[in-house]
Structure formats: structure tokens, C-alpha cells
Amino acid sequence: MLDETHRVWRRKHSSAGGELRRNREKVFRENFDEILEDWTGGEAPNLRNKDDQHVHNAAVYSHADILLTMNIKDFGDPDLLPYDLYTPDEFFCLVESSHLFVVREVTRTQNTYWQSRRAKGDSVTSLAEALEKAGCPKFAAIVAEHLRVLSGPI
């Protein structure tokens, strides 16, 4: 279901030079299991936003179990869809509930990255603040708690 992400990503980076654009494209393709180049279409009468028709069709074509979207309401009645809808915040909370220690380790790694950027003079917020700004407030609170635990006893 990353086709939409890939399309937006390509448009966002279209002004990059040829070699840089090819390298970014290569990195994208190396980090995702499957990229759909084409799929069959079809009408989805359940959709409230017809601009999401291609996203729905790609999900159906790829037999996706889950579709992550910030616009759940645009997909109409979720009971009529062949996949489950989650916001990123809901999905990351679900992952954390079944893989707490994996999320804690990823939090440690990401915090190290964010701290290194700050040390280089970049103006960045904390990891938890960035997640909240990205529309994941519940997961941001979970990450903040992981960071508190990782910092050790006070």
C-alpha cells in the first residue's frame, strides 16, 4: 500500500538532479517488499472520496490485509471493505501492544539518530514531539514512556 507514498515521494523529489533521483528511487525499491506498477481498476461504491479509488484498487489487487490512512472516513463503511483500516497512530499502538521490546529498541535507535542530528546543529524536535506533529499522539506518548524507561532510574 505504499504506492501512494511512492507517488507523493517521487513528486516531492522531482526537482532533484538525475543521479540523486535515481539513488533515492533505488533506496526506496530496496526497502519495500513489493511495489505495484499497475493493477486492475474497478468501481468501489463505498468510497466517499473518489480520489482514493486507486488506493482502494491497489489494496484489493494486492490482497492487502491492512490499509494505513489518515482519512479513514473517506473509505466509507469499513465492514464493506476486504481490508482493515487503521490510522498510523492506531497501527503503531497495535504493534507496540504485541511487540513492546521491539518498539523500545527501535525507540532507542531513533532517539540516538535524533540526538545526533541535534548535536550537528540541526533544529529538530524530540522523537516524541515529531511523532505527535505527524499525527500520532497516542504513539508519541508511548514512545515518551519508552524514552523515560531507557533513561534509567532518576
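A few points on the structure.

Conventions we followed
Residues numbered from 1 in each chain as written. Predicted model: local features only at pLDDT ≥ 70, side-chain atom pairs only at ≥ 80, totals over all residues. Heavy atoms only, no water. Helix = DSSP H or I, 4+ residues; strand = E, 2+ residues; numbered from the N terminus. Expected span 1.5 Å × (residues − 1). Buried < 20%, exposed > 50% of the residue type's maximum accessible area, 1.4 Å probe, protein only. Arc of directions from axis to C-beta. Contact = heavy atoms within 4.5 Å. Phe/Tyr/Trp six-rings, centres within 6.5 Å; stacked < 30°, edge-to-face > 60°. Salt bridge = Lys/Arg side-chain N within 4 Å of Asp/Glu carboxyl O. Core = buried A, V, L, I, M, F, W, Y, C linked by side-chain atoms within 4.5 Å.

As for helix H5 (residues 100–119)
Taking 1.5 Å per residue as the helical rise, H5 with its 20 residues ought to reach 28 Å, and the 28 Å between its terminal C-alpha atoms agrees with that figure. Every buried residue of H5 is accounted for by Val103, Arg104, Thr107 and Trp114. For H5, the buried positions fall inside an angular range of 95 degrees around the axis, keeping them on one side. Away from the buried face of H5 by more than 90 degrees, exposed residues Phe101, Val102, Thr112 and Ala119 are located. Tucked inside the fold, the buried residues of H5 contact helix H4 (88–98), helix H6 (127–133) and helix H7 (137–150). Downstream of H5 by one or two residues, Gly121 has phi in the positive range, about 95 degrees.

Points about the packing of aromatic side chains
Tallied over the entire structure, the rule returns four aromatic pairs. Arranged with centres 5.2 Å apart and planes meeting at 35 degrees, the rings of Phe92 and Phe139 form a pair that is tilted. Placement of the pair is Phe92 in helix H4 and Phe139 in helix H7, with a sequence separation of 47 residues. For Phe92, a relative accessible area of 32% corresponds to the partly exposed category. The class for Phe139 is buried, based on a relative accessible area of 9%.

Things to note about the side chain of His146
Among the secondary structure elements, His146 is positioned in helix H7. For His146, the residues in contact, after removing those within four places along its chain, are Glu96, Leu100, Val103, Arg104 and Thr107.

Overview of unusual backbone geometry
Excluding glycine, residues mostly have negative phi values, and the peptide bonds linking residues are mostly trans. At His63, a position not held by glycine, the phi torsion is positive, near 60 degrees. Examined against the element boundaries, His63 turns out to sit in the loop between helix H3 (53–61) and strand S1 (66–68). Overall, the relative accessible area of 66% leaves His63 in the exposed class.

Description of the pattern of salt bridges
In the structure shown here, the tally under the stated rule is three salt bridges. Arg108 serves as the salt-bridge partner of Glu105, at 3.1 Å between the closest nitrogen and oxygen. Note that Glu105 and Arg108 are positioned in helix H5 at a spacing of three residues, about one turn of the helix. A relative accessible area of 40% places Glu105 in the partly exposed class. Among the ionic pairs, Arg148 bridges to Glu145, the shortest N-O distance being 2.6 Å. In this pair, Arg148 and Glu145 are both assigned in helix H7, three residues apart and thus about one turn of the helix distant. Relative accessible area serves as the criterion here: at 47%, Arg148 is assigned to the partly exposed category. Relative accessible area serves as the criterion here: at 36%, Glu145 is assigned to the partly exposed category.

A few points about the nonpolar core
In this structure, Cys93, Val103, Trp114, Leu127, Ala130, Leu131, Cys136, Phe139, Ala140, Val143 and Leu147 together form the largest nonpolar core, which totals 11 residues. Elements with a contribution of two residues or more to this core: H5, H6 and H7. Counting residues per element, this core draws most heavily on H7, at four residues. Among residues more than four places away in sequence, those in contact with Ala140 are Ala128, Leu131 and Glu132. By size, the runner-up hydrophobic cluster in this structure holds 10 residues, among which are Ala44, Val55, Leu81 and Leu85.

Any functional reading would require information beyond the geometric quantities listed.
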